[in-house]
Amino acid sequence: MIASSWLLVAFPALGALILLVGGRRTDAWGHLLGCATVIASFGYAVAMFVSSSLAEATDVALYSWIPVDALQVEFGLRIDPLSMTFVLLITGVGALIHVYSIGYMADDAGRRRFFGYLNLFVASMLVLVLGNSFVTLYLGWEGVGLASYLLIGWYTGRPSAATAAKKAFLMNRVGDVGLALAIFLMFSEIGSTSYAAVFAGIGDLSPAVITAIALLLLLGACGKSGQFPLQAWLPDAMEGPTPVSALIHAATMVTAGVYLVARAAPIYNLTETGRLLVTIVGAFTLLLGAIIGCAYDDIKKVLAYSTVSQIGYMMLAVGLGPFGYALGIMHLLTHGFFKAGLFLGAGSVMHGMNDEVDMRKFGGLYKRMPITFATFGLGYLALIGFPFLSGFYSKDAIIEAAFGSEGWQGWVFGGAAMLGAGITGFYMTRLVLMTFFGKERWRELKSADGREFHPHESPPVMTVPMIVLAVGSVGAGFFFALGDRLVEFLAPSVGALSEAEHTALPHALIPWLTVGLSLFGALVAWLIFGRRDVPVERPQNVSPVTRAARNDLYGNALNEALVATPGLWTTRFAVYLDNKGVDGAVNGLAAALGGSSGRLRRLQTGFVRSYALSMLGGSFLIVAALLMVRFS
Amino acid sequence: MLTLVIFLPVVVAAVLLAVPRAGDRTVRWAWIATSAVEVALVTAMWVTYSPAPDGYAFEQHHRWIPSVGAGYHVGADGLSLPLLALTAVLFLACAVYSVRRTRRMRAFAALFLFLETVCLGVFTALDLLLFFVFFDLSIVGMYFVIAGWGHRGAARAALMFFLYTFLGSLVLLLGFLGLYLLSSPHSFDIVELARQDPAAGRGAVAGLVLLALVLGLAIKTPTVPVHTWLPPAHVEAPAAGSAILAGILLKMGTYGFVRIVLPVLPGTWRAYAPVIVVVGVVSVLYGALVAMAQRDFKRMIAYTSVNHMGYIVLAFGAAALVAASEEQARQLAITGAVTQMVSHGLITGALFLLAGVLHDRGGTYDLGSYGGLARQLPAFAGLTALAVFASLGLPGFSGFVAEFQIFTGSLSGAPVATAVALLGVLLTAVLLLRAYQRIFLGPSRTVVTGDLTVSETLAIGPLMALSVAIGLFPRFLLDVIEPAARGVL
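Rules used in this analysis
Residues numbered from 1 in each chain as written. Chains lettered and ligands numbered in written order. Predicted model: local features only at pLDDT ≥ 70, side-chain atom pairs only at ≥ 80, totals over all residues. Heavy atoms only, no water. Phe/Tyr/Trp six-rings, centres within 6.5 Å; stacked < 30°, edge-to-face > 60°. Helix = DSSP H or I, 4+ residues; strand = E, 2+ residues; numbered from the N terminus. Buried < 20%, exposed > 50% of the residue type's maximum accessible area, 1.4 Å probe, protein only. Salt bridge = Lys/Arg side-chain N within 4 Å of Asp/Glu carboxyl O. 1 Å grid on protein atoms, 1.4 Å probe; cavity = no way out; pocket = protein on both sides within 12 Å on 5 of 7 lines; lining within 4 Å. Points joined across faces, edges and corners; volume = space filled by probe spheres on them. Nonpolar A, V, L, I, M, F, W, Y, C, P; charged D, E, K, R; others polar. Domains from an automatic or database assignment. Contact = heavy atoms within 4.5 Å. Buried area = accessible area lost by both parts, 1.4 Å probe. Polar contact = N/O pair within 3.5 Å; in protein donor to acceptor, adjacent residues only side chain to side chain. UniProt positions renumbered as here; feature names shortened; annotations may be inferred. Expected span 1.5 Å × (residues − 1). Bend = angle between axes of the 7 residues up to and from the residue. Core = buried A, V, L, I, M, F, W, Y, C linked by side-chain atoms within 4.5 Å.

Undergrad: Even after reading the chapter, I still don't get the packing of aromatic side chains, so can you show me in this structure?
TA: For any pair of aromatic rings, the description consists of the separation of the ring centres together with the inter-plane angle of the planes. A complete count under the given rule lists 55 aromatic pairs over all chains for this structure. With a centroid separation of 5.3 Å and 75° between ring planes, the pair formed by A:Phe114 and A:Trp154 is classed as edge-to-face. Taken together, the residues span a long stretch of sequence, with A:Phe114 in helix H4 (residues 111–130) and A:Trp154 in the loop between helix H5 (134–152) and helix H6 (159–190) at a distance of 40 residues. Exposure class is identical for A:Phe114 and A:Trp154. Each is buried. Where A:Phe392 meets A:Trp512, the ring centres are 6.2 Å apart and the plane angle is 45°; that geometry is what we call tilted. With A:Phe392 in helix H17 (residues 390–403) and A:Trp512 in helix H21 (residues 509–530), this pair connects stretches of sequence that are 120 residues apart. Linked through ring pairs, A:Tyr63, A:Trp65, A:Phe75, A:Tyr138, A:Phe184, B:Tyr311, B:Phe400, B:Phe404, B:Phe407 and B:Phe473 together constitute an aromatic cluster.

What follows is the structure in structure tokens.
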């Protein structure tokens, strides 16, 4: 069963090939094929999971990819608990979202191509998590970047979509340069890029090199996972169709950075500096995302910043090393369920509301969309960590582990994580209140294309996946946490989970303090947005904090100042040099040789043509002469 | 066998010109058939290729003028065979692309067949004089292609191209003469010269010879600062001419390095390697930065060639910098450089043909005049997207395999330069995606009709398919290049 695990990748890859090369001929059944391939992969993954023992990592060598003397890059897969966990998440949630897309994209003329891109994404993502070397990982890493680019820019007519797609790809590329450098460094220091060889040899390197590799990997992770300072692309990525946001920009691709750090655990275990920086990035980003999430009125952007923030939690967890790898993955899984569900719910709302995303135009929708409301509500409760739902188990475990860090770190990281939980309670409650409760503000409004709003529940092909994900949002945390099931399952991949001797706050107090803070945030949101009517127009007279949050805490301005502007000036300088310096010098030289530039211009083509002809003739003469000498 | 492969096209060209009544239709099919036969012959060479240890296959050697040690000496090894294959494939693609659109078909076809012989000749010549004759004739052929079938400013661009590269080849000839004089017994034979190591212990003289060779080849490659002939030549050349110019003719420069300069002057090359590394890195960054500012699609691709060829120069330099102990890194860098030649030929060849399609439909290369073409011409947009992502080094395409080897191989010899050059990968992504967005995404500005025709798809599609094949299964290529790369430096 394991020996044929390449089938996992082959199904969706074949689907993508057929749908993209087959063209219009496959329009009629393309969406069904797209779903079938992912379901097939999911079925195969479940069968593998049930029938095989995963206690040890199995490397499946497929073929020799780049064999050059010392650099032997094998194309192989690694089947172990970590990769199988991801495979199940990707194909499981992926299959649900594929099915949902049949309904969501029903009116889109390019639906077949859409499924082709989604299949391409799933295949690349599986290569990313299954590859048994950093180069194979990189292949998948860039492949999902390509799929993400194509899908964010799906609505090609919108300039904003095209710009967002480009921004996503380029900011990712910044991170990729880091990842690539890390891989080159591994080869030049260890002589291999396969997990087995790198993890075996990493201990012999100097601490400085290990730290350098760890930091370069972190740069790659920040790009892919929307972590500070490379977070600004993720909210813009919401230009893509909502199923894309759910699958790629919430449940799977953006968590690849967390996967990378967890996968590279043997490297991070050796560098305290590396781990600390991961933790700092995570803690900072989780607050940043949560704060900005409070300021947006666009339902998808709030969810996007929520994703940034939640991935911050995961990064914080894996940055804690053996104290947190498994916890980060657990939150990644539960988040995969509830955030995908929330996005599909948001998509369902948009579907019923003429693709409107401004929550100020929503209100009172719970009556019109009961199933969407119920599933969305469960996802919401799971996300804010309501007791005994998914998020409660996974987030709380991270907060406890953060408080377990030594000295000031325990207070800072634990405090940040707990504060983040409070803010999460606020912005998510705000979102739910503005969308599903209060006055039906859409009654007096029209959508951008001049139609009236007639909110309605979505068809079963969309609601059934939402219901399945809602069940996951409720039960997954309990299921994973029960008897440390997931932690023990992952131990062969990331090592056994260590627990701190003592925490900065008393152990028993932390969960309830977290829940209390979260509910307090919700209460504040209710006081502001629940008791009073929400104005349709966005208030302009707001506090500096709100204004800063509305401007993404100036993340884009920072990028502009640090990267774009210097880049622009360098470009201008190079062009100036090319025109005036290099070309000028050459022309000047030519002019000097020819007497004057006017005369150079008068060397008209006729002259050169005859010259070229004579050269041709001369060459023939030489050849002829040689022949004669030879044969005489 | 090899002589047949080299001269078949020019013979057909002569026949085409000699038969006065040959109609366009006959010419067209004769051209395509000859190019296809060439592909078949080179494939047959590839399949039967089994070089003597440390030597050449298909070798033919006729001593013409023993007194000066010059002769007709051709042969193929792992460095030349991939380029022969690239030449055959790209000329076939150009033939298929050009069949439906060209004025004065007979002359055009004859010129391209002539060019094909010349290019195959350069990549098989094992004698400096022979190499030089072919090298020079390529300039003549391309001059007539640009001047005769180019756009409005073709005359001036062709003139600039001719003067520039002709000057380069004169300097190169000086270098060859220098090599001849240094060797003892005097010889123009590349194999003999590589065996002799004629520059050993010659100090400054060897440095001068190297300077002449490097300058001559660098103009052809081209590297900064002798690249300025390239953009105007490309902008004015017809699409097929651009594809051959970028795909094949530029490779003559880098092939000259790996065939002649590195094996014949290894010691001198090592001594000046830091300079070469700097030239390479500057070409990478400078080419990308200037490309970023272009509003003309074709000019932009031309500058990305400066960028991509810069990686090759960097690899050659860094390979010389690694200590003698690090055989592996050196071999990796050189194998990567040769792979990059093939990869760049395929991808940039495809991009220039696609630029030709764009000009054909919209009448201009100006990026600002387009928008939203993805909805009007989906197949064209799709194929261009493939070429764009291949060009920016996405894994799964040939460019990644090549650049990956170059970077891993160069890192230990020139760590800082490699890290800086890696920024070039970032910059090419910026500029290519920006150009793609301007042409294909956003609102439409003009009504453009006519998606890819069959002949265009048949010409460009296989180039991209080959790039993907090399990206995913490069073994067939690397197994040929690697043994030959071993003896280069």
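Undergrad: Teacher, can you tell me more about the pattern of salt bridges here?
TA: Oppositely charged side chains may form a pair once their charged atoms are brought near each other. All names here are of chain A. Evaluation of the coordinates by the stated rule reveals 19 salt bridges over all chains. A salt bridge links glutamate 239 to arginine 158, with the shortest nitrogen-to-oxygen separation between them at 3.2 Å. Of this pair, glutamate 239 sits in the loop between helix H9 (233–236) and helix H10 (242–251) while arginine 158 sits in the loop between H5 and H6, and the two are 81 residues apart along the sequence. According to the relative accessible area criterion, glutamate 239 is partly exposed, its value standing at 21%. Of the residues examined, arginine 158 reaches a relative accessible area of 38% and is grouped as partly exposed.

Undergrad: What should I look at first to understand the layout of surface pockets in this one?
TA: Picture a little ball the size of a water molecule; that probe, rolled over the atoms, points out where space is still empty. Counted as a void, the second largest pocket has a volume near 1400 Å³. Lining the second largest pocket are 41 residues, with A:Leu170, A:Val563, A:Ala564, A:Gly567 and B:Val430 sitting closest to its centre. With 15 residues, the top contributor of residues to the lining of the second largest pocket is helix H23 (residues 555–594) of chain A. Here the residues of the lining of the second largest pocket are counted per class, giving 25 nonpolar, 9 polar and 7 charged. Both domains that furnish three or more residues to the lining of the second largest pocket are identified here as domain 1 (121–557) and domain 2 (561–631) of chain A.

Undergrad: Just to check I follow, could you spell out the interface of chain B and chain A for this structure?
TA: It is common to give the size of an interface as the accessible area lost on bringing the parts into contact. Taken residue by residue, the interface counts 72 residues in chain B and 60 residues in chain A. Between chain B and chain A, roughly 6100 Å² of surface is buried when both sides are summed, and carbon and sulfur atoms account for 76% of that area. If you look at where chain B meets chain A, you find 0 salt bridges. Our enumeration of links across chain B and chain A arrives at 9 residue pairs in polar contact (both at pLDDT 80 or more). Here the element with the most residues in the side of chain B that touches chain A is helix H17 (residues 415–440) of chain B; it accounts for 10 residues. Residue composition of the side of chain B that touches chain A, grouped by class: 49 nonpolar, 14 polar and 9 charged.

Undergrad: What exactly am I supposed to notice about the environment of A:Ile248 here?
TA: All names here are of chain A. Tracing the chain through its elements places isoleucine 248 in helix H10. For isoleucine 248, a relative accessible area of 0% puts it in the buried group. For the pair formed by isoleucine 248 and glycine 94, sequence separation is 154 residues and the distance between their alpha carbons is 9.1 Å. Those residues in contact with isoleucine 248, other than ones at most four positions away along the chain, are Phe121, Ser148, Leu151, Met253 and Val254.

Undergrad: It is not clear to me how the UniProt feature "domain: NADH:quinone oxidoreductase/Mrp antiporter transmembrane" (unreviewed entry) in chain A should be interpreted in this structure. Could you clarify?
TA: When the UniProt feature table is mapped to this numbering, "domain: NADH:quinone oxidoreductase/Mrp antiporter transmembrane" (unreviewed entry) covers residues 132–415 of chain A. Its end C-alpha atoms 37 Å apart, residues 132–415 of chain A is made of 74% helix and 0% strand.

Undergrad: When you look at helix H19 (residues 460–481) of chain A in this model, what are you seeing that I'm missing?
TA: For the α-helix, the turn length of 3.6 residues means that residues three or four positions removed from each other point alike. All names here are of chain A. Over its 22 residues, H19 extends 31 Å from the first C-alpha to the last, a length consistent with the 32 Å expected when each residue adds 1.5 Å. The sharpest bend along H19 reaches about 45° and sits at glycine 475. Along H19, the positions that sit buried rather than exposed are Met462, Thr463, Pro465, Met466, Leu469, Ala470, Gly472, Ser473, Ala476, Gly477 and Phe480. The inward-facing, buried residues of H19 abut helix H3 (81–104), helix H15 (325–352), helix H16 (370–383), H17 and helix H20 (485–494). Of the residues flanking the end of H19, it is glycine 483, one or two places downstream, whose phi is positive at about 60°.

Undergrad: I keep staring at the nonpolar core and nothing clicks. Help me out?
TA: The nonpolar side chains of soluble globular proteins are, as a tendency, buried together. Among the nonpolar cores identified, the biggest contains 398 residues, and A:Phe134, A:Ile213, A:Leu217, A:Ile267 and B:Trp269 are the most heavily contacted of them. In contact with A:Ile213, not counting residues within four places along its chain, are A:Ala182, A:Leu185, A:Met186, A:Ile202, A:Leu205 and A:Ile267. Counting residues in hydrophobic clusters, the runner-up holds 20 residues, among them A:Leu286, A:Ala317, A:Leu327 and A:Ile398.

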